[in-house]
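# Topology and contacts: notes
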Amino acid sequence: MPGATVLDGERTRLVPTTENDLDLLAGWFASPAFVEHWGGAPITREEVAEKYVGRRRPRVESFLVHAQASPVGYAQYWYAGPADGGIDMVLHPVARGRGWGPDATRALLSHLGETLGWRRVTVDPVRDNVRAVRAWAKAGFREVSGGADSLLMEHSFSAERQG
């Protein structure tokens, strides 16, 4: 099963979510500080169960981000086509600003590019989430378009392999 893969960064580990993670994730996604830039509003336990504990596999793969042996955030990747898709990530407020986001992103990118053969990955951070935009850029994403509220950033493996 694709979702059974644990992904290791230098400082983080991404572990596939399971039904056993529902209580933790429901608590996080009920917190306004956690979802400030993830839709902006807390979500129900039922929605968390439907979307974030692995029930959408294989189209969406969901992970807990661990750092220093503790869960510090949530990440997912989703397919847009056979060789491309997107990443979403949110870290617990106390875990932000420590370099764990870019490290977890690099682990995801390694898996997506090297293991799954993706050519392109996108992210769409909220424009005023300066910390997230900076973290995506540190992980190798560049802005390709944007509106008033959000950006579209892209990581291209073909450009990386050529350069």
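As a reminder, the structure under discussion sits directly above these lines.
In this report, the structure presented in the accompanying data block is examined. Keep in mind that what you see is a predicted model, and the values were worked out from it rather than measured.

Considering all chains together, one arrives at 13 aromatic pairs under this definition. Ring geometry for Trp 38 against Tyr 52: centres 5.9 Å apart, planes inclined by 70°, an arrangement best described as edge-to-face. Of the two residues, Trp 38 sits in the loop between helix H1 (22-29) and helix H2 (45-52) while Tyr 52 sits in helix H2, which places them 14 residues apart along the sequence. Trp 38 sits in the buried class, given a relative accessible area of 17%. Looking at Tyr 52, the relative accessible area reads 6%, which means it is buried. Here the aromatic cluster, defined as three or more aromatic residues joined through ring pairs, consists of Trp 28, Phe 29, Phe 34, Trp 38, Tyr 52 and Tyr 74.

Mapped onto the fold, Pro 71 is located in strand E4 (residues 70-81). Owing to a relative accessible area of 32%, Pro 71 belongs among the partly exposed residues under this scheme. Sequence spacing of Pro 71 and Arg 120 is 49 residues, and the spatial spacing of their C-alpha atoms is 28 Å. Excluding anything up to four places from it in sequence, Pro 71 contacts Leu 24, Trp 28, Leu 64, Val 65 and His 66.

Next up on the list: the pattern of salt bridges. Oppositely charged side chains can pair when the atoms bearing their charge come close. Applying the stated criterion to the full structure yields eight salt bridges. The partner of Arg 55 in a salt bridge is Glu 19, and the shortest N-O contact between them spans 2.7 Å. In this pair, Arg 55 is assigned in the loop between H2 and strand E3 (60-67) and Glu 19 in the loop between strand E2 (12-16) and H1, connecting sequence segments 36 residues apart. We classify Glu 19 as partly exposed; its relative accessible area is 39%. Note that Arg 120 and Glu 154 form a salt bridge whose closest N and O atoms lie 2.3 Å from each other.

Moving on: the sheet that holds strand E6 (residues 120-123). Spatially, the eight strands line up as an open sheet ordered E1-E2-E3-E4-E5-E6-E8-E7, and their pairing is mixed. Each having just a single partner strand, strand E1 (7-8) and strand E7 (142-146) make up the two edges of the open sheet. Relative to E6, strand E5 (residues 84-91) is paired through three bridges, and the arrangement is parallel. From the neighbouring strand, Asp 84 faces E6, where its bridge partner is Arg 120. Running at roughly 85° to E4, H1 makes contact with E3, E4 and E5 of the sheet.

The rules behind these values
- Residues numbered from 1 in each chain as written.
- Predicted model: local features only at pLDDT ≥ 70, side-chain atom pairs only at ≥ 80, totals over all residues.
- Heavy atoms only, no water.
- Phe/Tyr/Trp six-rings, centres within 6.5 Å; stacked < 30°, edge-to-face > 60°.
- Helix = DSSP H or I, 4+ residues; strand = E, 2+ residues; numbered from the N terminus.
- Buried < 20%, exposed > 50% of the residue type's maximum accessible area, 1.4 Å probe, protein only.
- Contact = heavy atoms within 4.5 Å.
- Salt bridge = Lys/Arg side-chain N within 4 Å of Asp/Glu carboxyl O.
- Pairing = 2+ DSSP bridges.
- Axes fitted to C-alpha atoms, helices over the stretch in contact; angles between N-to-C directions.

Honestly, that's just the spatial picture; any functional story needs more than this.
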